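Close look at the chain arrangement
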Amino acid sequence: MKKDIYEKIKEYEKIIIHRHVRPDPDALGSQAGLKEIIQQRFPGKKVLLAGEQELSLSFLASMDEISDEDLENALVIVCDTANRERIDDGRFNDGDFLIKIDHHPDVDVYGDISWVETDASSTSEMICSLFEEFEKDGGSMPDEGARLLYAGIVGDTGRFRFSNTTEKTFYYAGELIKHKFSRTALYDEMYETSLPLLRLEGYVLSNLELRPSGAGVVTLTMDKLEEYGVTSKEAAAIVNAFSTLRGLKAWVFFVEESPELIRIRLRSKGPEIHKLAEKYNGGGHPMASGASASSWEETEEFTADLDKICSEFPG
Ligand SMILES: [Mn+2]
């Protein structure tokens, strides 16, 4: 599979790399890291990054302007995106050949080649593994590529704490840190927090509901976000704020984005929650998923479903 992907990269002169909407460090790290690797080995190829610029992560990478013409006869690679609806820039289908590279459960099979490894910690880790094909053919890892892929791995493993962290993860991370980039600067950029966000975290810790089932529930209304001066997207950074709480099995953040849209961020320390997310227009990993609801009544149903899953889980 990796060999086939490498051959396709070799074959095409234009390569457009996509990733999911509302990107996280792994989406951007795998997307831009792959670009760095390709450009190092094939400087003559045109490689472009598709999707909207994510300002909070602009220290990682800048997106490119892509014309419809750019997509003609292009190879399109989509990183870190389980389902087609979540691909940033809907023109992913307008190229000549489509490749999916992802580590989420394969809920939506797409692409002329689909490479999915659900036991990889991150798509960035998969790109490290793909890089071995480049290396065999005379490629080398650029420092900037190493920084980006390292950011992706760190992001998706919660700094190597989550259970998706394997021996392979440490191996590739070990290879990446041989390169010249500042890990300290990268951590500062990734984890630095603002005073409004810190205050909101205080609110969340004070108001979180721990239910008898072991389910944790946090509700953030638009009014509350406005009061603290934090956007819904920024609030995503504190979703793990109380993950160490004793007795907690899984937890949910209901974040009101508009009167019709309540974003659901779901995390777990044991029970698998991705099927529940799928039931509510979402999806993701067994231990970290996202979904949405259109009313507070629907969030109550969601909480009841989460209670059931937690109650049935031992411990
Ligand atoms: Mn990922």
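Counting restarts for each chain: residues are numbered from 1 in the order of the written sequence. Restriction of local features to residues with pLDDT of at least 70 applies here, the model being predicted, together with a cutoff of 80 or more for giving and counting side-chain atom pairs; totals for whole chains, interfaces and linings are based on all residues. Where side-chain values are given, they derive from all heavy atoms of the structure, hydrogens and water being excluded.

Things to note about the pattern of salt bridges
Inclusion rule: By definition here, a salt bridge exists when the distance from a side-chain nitrogen of Lys or Arg to a carboxyl oxygen of Asp or Glu is within 4 Å. Every helix listed is a DSSP run of H or I at least four residues long, and every strand listed is a run of E at least two residues long, numbered separately from the N terminus. For each residue, the accessible area found with a 1.4 Å probe, counting protein chains only, is set against the maximum for its type, and the residue is called buried under 20%, exposed over 50%, and partly exposed in between.
A complete count under the given rule lists 24 salt bridges for this structure. Arg41 is paired through a salt bridge with Asp137; the nearest N and O atoms lie 3.2 Å apart. In this pair, Arg41 is assigned in helix H2 (residues 25–41) and Asp137 in the loop between helix H4 (123–136) and helix H5 (143–157), connecting sequence segments 96 residues apart. Assessed through its relative accessible area of 26%, Asp137 is described here as partly exposed. In this structure, Lys233 engages Glu54 in a salt bridge whose closest nitrogen and oxygen atoms are separated by 3.2 Å. Of this pair, Lys233 sits in helix H10 (residues 232–235) while Glu54 sits in the loop between strand S2 (46–49) and helix H3 (68–71), and the two are 179 residues apart along the sequence. Judged by its relative accessible area of 44%, Lys233 falls in the partly exposed class. A residue is classified by how much of its surface remains accessible, and Glu54, at 8% relative accessible area, is buried. Each of Lys10, Arg41 and Asp137 takes part in one network of salt bridges that share partners.

So, the domain arrangement of the protein chain
This is how it is decided: The start and end points of each domain follow an automatic or database-based domain assignment. Contacts were defined at the residue level, with two residues in contact if any of their heavy atoms lie within 4.5 Å. What counts as buried area is the accessible surface, traced by a 1.4 Å probe, that two parts surrender upon association, with contributions from both included. Residues adjacent in sequence count toward polar contacts only when both atoms are side-chain atoms; beyond that, a polar contact is any pair of N or O atoms within 3.5 Å, and within protein one must be able to donate a hydrogen and the other to accept it. Note that Gly is not counted as nonpolar here; it falls among the polar residues with everything else outside the nonpolar set of Ala, Val, Leu, Ile, Met, Phe, Trp, Tyr, Cys and Pro and the charged set of Asp, Glu, Lys and Arg.
For the protein chain, the assigned domains are domain 1 (2–190) and domain 2 (195–312). The interface of domain 1 with domain 2 comprises seven residues on the first partner and nine residues on the second. In total, domain 1 and domain 2 occlude about 650 Å² of area from one another, counting both sides; carbon and sulfur atoms represent 50% of this. On inspection of domain 1 and its partner domain 2, the count reaches two salt bridges. For the pair domain 1 and domain 2, the number of links is two residue pairs in polar contact (both at pLDDT 80 or more). Looking at the side of domain 1 that touches domain 2 residue by residue, the classes come out as three nonpolar, two polar and two charged.

Focus: the packing of aromatic side chains
Stated formally: Put simply, two rings from Phe, Tyr or Trp (the six-membered ring, in Trp's case) pair if the centres are within 6.5 Å, and we call them stacked under 30 degrees between planes, edge-to-face over 60, tilted for the rest. Two thresholds decide whether a charge sits over a ring: the Lys NZ or Arg CZ must be within 6 Å of the ring centre and within 35 degrees of the ring normal.
All chains considered together, the criterion is met by 13 aromatic pairs. Centroid distance Phe242 to Trp251: 5.9 Å. Interplanar angle 55 degrees. Geometry classified as tilted. Side by side, Phe242 and Trp251 carry an identical accessibility label, which is buried. Taken together through their ring pairs, the aromatic side chains of Tyr150, Phe160, Phe170, Phe181 and Tyr187 make up a single cluster. Above the plane of the ring of Tyr191 lies Arg159, whose end atom (NZ or CZ) is 3.5 Å from the centre.

Details of the layout of surface pockets
In plain terms, the rule: Points on a 1 Å grid, built from protein atoms alone, make a cavity when a 1.4 Å probe fits but cannot get out and make a pocket when they are open with protein on both sides within 12 Å along at least 5 of 7 lines; residues with an atom within 4 Å of a point are the lining residues. Grid points are joined across faces, edges and corners, and a volume is the space filled by probe spheres set on the points.
A volume near 170 Å³ is recorded for the second largest pocket. Taken together, Cys128, Phe131, Glu132, Glu135, Ser140, Met141, Tyr171, Tyr172, Glu175, Leu176 and His179 make up the lining of the second largest pocket. Going through the elements one at a time, H4 and helix H6 (167–176) are the ones with two or more residues in the lining of the second largest pocket. In terms of residue class, the lining of the second largest pocket is made up of six nonpolar, two polar and three charged.

Points about the pairing of strand S4 (residues 97–102)
Convention followed: Note: two strands are recorded as paired if DSSP finds a minimum of 2 bridges between them.
Taken across its six residues, S4 has six buried, putting it largely inside the fold. Residues Phe97, Ile99 and Ile101 line one face of S4 and the alternating positions Leu98, Lys100 and Asp102 line the opposite face, and both faces are buried. As paired elements, strand S3 (residues 75–79) and S4 share five bridges and run parallel to each other. The partner of Val78 across the bridge, within S4, is Lys100. Alignment of S4 against strand S5 (residues 113–116), held across four bridges, turns out to be parallel. Following the sheet pairing, Ile101 is matched in S5 by Trp115.

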